[in-house]
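Coordinates in review
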Amino acid sequence: MSKLSYVGIDLGSTTTKSVVIDDDLNILGRGITNSRSNYDLACQIARTEALVDAQMSRLRSTLADHRVLADHVKILAPSVERSFRYRQHIRLFDALDRECMAIAEGKPDLTAVLADLLAEMREETEKLFSGLSAMEKRKSEFFRDIAGAQFQRLAEHRANPKTMPYETIVGVFDRAIIKVENEGDDLTFEGNALEALDRSLSQYKANDAVRAAAAEMLEGLLADPPHIGCSVGTGYGRARLPFPKNQIRSEILCHGLGAHQMFPGTRTVLDIGGQDTKGIQVDDQGIVTSFQMNDRCAAGCGRYLGYIADEMNLGVHELGPLALKATRHVRISSTCTVFAGAELRERLSLGEKREDILGGLHRAIILRAMSILARSGGVDEEFTFTGGVAHNPAAVRALRDLIGENYGKRTINISPDSIYMGALGAAIFAKRETDAGRAERGVGSQSEARA
Amino acid sequence: MTTGKDLITAGIDVGTSGVKVTVFRVSPDDHGTMLAKVAERIRRRDPKLVVEHCYELALEAAELTPEQVDYVASTGEGAMVGFRRGHFYGMTTHARGAAWLVPGAEGALDIGALHARAVRMDGRAKVLGYRMTSQCASGSGQFIENIARYLGVTIEEVGALSLEADEPEKPSGICAVLAETDVINMVSRGVSRPNILKGIHLSMADRLVRLLRSANVMGTVVLTGGLAADAGLRAALVDMVAADKRVACELVTHADAIYAGAIGAALWAAVRHRRLLARGTSPAATAAAASA
């Protein structure tokens, strides 16, 4: 990769997204991580992940074209990726293990429970990353969520209200994860790829020729890392990013530009993010002409769904498909996100069906979005839906219905990259900054950043 | 008549985040003695199962069998208690519980996981008026619980930390969900945990004092509900009440304040049971009459 690449980072309230693009504005890689109080680190990890993704796709195409390795690509490519994820996960798990034991120091009962719990967690983790369907079995991609769910489940089995309350055990995790998440570790492609390949090759029982060819191929990739022209940051936490002012853009601008890049006919954008819902109108150049967003209250945003998923013990992405099965819509009277969670619990124990309640919830969210869209200037042709909630089929269906009822026929664009739209817009701004000669090379661009 | 004997009653308070159970012996002159108390958090379990579990534990602690209990009363989400005989509204049970905990109290301020309510009452725990928060979870217990989790602090540690604050910073908005992000922002700016927690206590106290004012509560007011145990919130409330000339009340609490609703339910249960016995409509009375 001798050509330059550009990085956009969207620091959101729930997740931080990053996109790497090339000179022709093609997306090379995408990265996402959960946001945390160490904003700098959240950005570094998202960017690291985007670069890992870019390198992984290079690895896949290199493998596929390789004269020796091409025959093995179907097994080897996913296997290396899985081994790589395992390496990243186990690094964080080791840190978690250390922190938990340090917190419990001097408390023999707690130490014993934790040692046992963490040992079982480690065994489970091995299984989590083996087998072909392993990736799909996990509810979330983030270490915090995977480990948290495991920890809570295992704590439940070991808790005793009198001698070792559940809250005490889980309290250790809550404290430990904060340290683990905010201190970071080397999760880069460069730092883990060789070991990952090694693990895969031994699992695959590869012969010497394959081993040698694979090692040589990887060396080649590692010797030629992406060269980054410049990074631009956006999103909720952008003001606190360690970037010069000209490398920071408002999220409204970035979402508008990202949507325009993906669907050039776009005139109206709806972005439903973790804690805000934005209605944006753009012109034929992707420049924002007006916008509206919610404030003071998180009702109808992505976090609303997050709360509900938590309450139901589901992953967020499982909600939509379940809601589509609704036969009727239960009306949820609470506007407040926190209240809706409690109301849901009550309805469930009164025997209402999960899918019917969810059907009602999704419609409620989209109704809120419709009022924001109306205030921003309505829904013009074409309409692009972005943000994490655009992946949710039940939300999309409710949106289609309501747009049809209120505005008539509209083209509704939804990209599989909808969650990365803000980061894509930021990456395009990064290229423009570089082209204009204003970019500060290297600022936040080192791919060897220890994330 | 059987109205002359002591009654055994149970009060079950099902809240949004926890279940509280008390078992009482109530003398004919309405004097109640608490025999057992059990509280457990629900934590995504089926509330009905938690209720059954807590009730079993409470009876075990009181060394009683279910048959020995004359009347089981629920309060809060009463529908979760399948085996209840009767149900009482939260206002009346909290008032009654507060008066039992602090005799002579003229008001109760109940701070639960989702709602807060201020109750004005007379010397005999009769409710004269009340106000509740609604529609929005800001200033509720759930709110501080979320923040505490995020900060890696257990609920028990929150109060003491808050008292250490030197420069508290209030979250900018009122939404409990948005405030979480606000808090992340504060952490990233290096605001200390005591100052964050105290800031939240202050913004909660703000809303609670407004509630007291609008319910026109005066005199001795008992803090009840789970958050009464939070020393940081108590301190913020006391300061704010002292600074506000429009409220004239003295805030007190009690180690068993979290059980106020369950206590009130058990005490009202005895009153209702005696009334039913007097009318001869209680199943127990009918059974007694049949065997006589």
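Keep in mind that what you see is a predicted model, and the values were worked out from it rather than measured.

When helices and strands are counted, chain A shows 15 helices and nine strands. Its C-alpha atoms give chain A principal-axis dimensions of about 65 × 65 × 40 Å. Per-residue burial for chain A yields a buried fraction of 48% across its 451 residues. In chain A, the proportion of contacts linking residues at least 24 apart, taken out of those at least 6 apart, comes to 72%.

Attention shifts here to the interface of chain A and chain B. Listed as interface residues are 26 residues of chain A and, on the opposing side, 27 residues of chain B. Put simply, the parts of the chain that give the side of chain A that touches chain B at least two residues each are α6 (166-183) and α12 (337-349) of chain A. Looking at side-chain class alone, the side of chain A that touches chain B contains 10 nonpolar, nine polar and seven charged residues.

This next bit is on the nonpolar core. Within soluble globular proteins, side chains that are nonpolar generally end up buried alongside one another. Counting 200 residues, the largest nonpolar core has Ala427(A), Ile12(B), Leu208(B) and Ala266(B) as its most contacted members. Per-element accounting of this core gives the leading share, 12 residues, to helix α1 (residues 39-65) of chain A. No fewer than three residues from each of domain 1 (2-99 + 258-291) and domain 2 (104-253) of chain B sit in this core. Residues contacting Ala427(A), with those up to four places away along its chain left out, are Tyr6(A), Val7(A), Gly8(A), Val19(A), Ile21(A) and Val232(A). Leu96(A), Phe143(A), Val172(A) and Ile178(A) belong to the second largest nonpolar core, which has 21 residues in total.

With that out of the way, let us pick up the sheet that holds strand β1 (residues 7-14) of chain B. Residues and elements named next belong to chain B. Pairing is mixed across the open sheet formed by five strands, whose spatial order is β3-β2-β1-β4-β5. Two strands lie at the open edges of the sheet, namely β3 (32-41) and β5 (86-88), each paired on one side alone. Across the sheet, the axes of successive neighbouring strands diverge by a mean angle of 20°, strand direction being ignored. The pairing of strand β2 (residues 18-26) with β3 spans nine bridges and is classified as antiparallel. When the bridges of β3 are listed, valine 26 appears paired with glycine 32. In the packing of helix α8 (residues 260-279) onto the sheet, the strands contacted are β1, β2, β3, β4 (71-76) and β5, and the crossing angle to β1 comes to about 140°.

Let's shift gears to helix α6 (residues 193-215) of chain B. All names here are of chain B. Over its 23 residues, α6 extends 33 Å from the first C-alpha to the last, a length consistent with the 33 Å expected when each residue adds 1.5 Å. In terms of residue burial, α6 counts as a mostly covered element, since 17 of its 23 residues are buried. Phi turns positive one or two residues past the end of α6, at asparagine 216, with a value near 60°.

Cut-offs applied
- Residues numbered from 1 in each chain as written.
- Chains lettered and ligands numbered in written order.
- Predicted model: local features only at pLDDT ≥ 70, side-chain atom pairs only at ≥ 80, totals over all residues.
- Helix = DSSP H or I, 4+ residues; strand = E, 2+ residues; numbered from the N terminus.
- Buried ≥ 20, exposed ≤ 12 C-beta atoms within 10 Å, placed from the backbone.
- Contact = placed C-beta atoms within 7 Å.
- Nonpolar A, V, L, I, M, F, W, Y, C, P; charged D, E, K, R; others polar.
- Core = buried A, V, L, I, M, F, W, Y, C linked by C-beta atoms within 7 Å.
- Domains from an automatic or database assignment.
- Pairing = 2+ DSSP bridges.
- Axes fitted to C-alpha atoms, helices over the stretch in contact; angles between N-to-C directions.
- Expected span 1.5 Å × (residues − 1).

That's the geometry; what it means functionally is another story.
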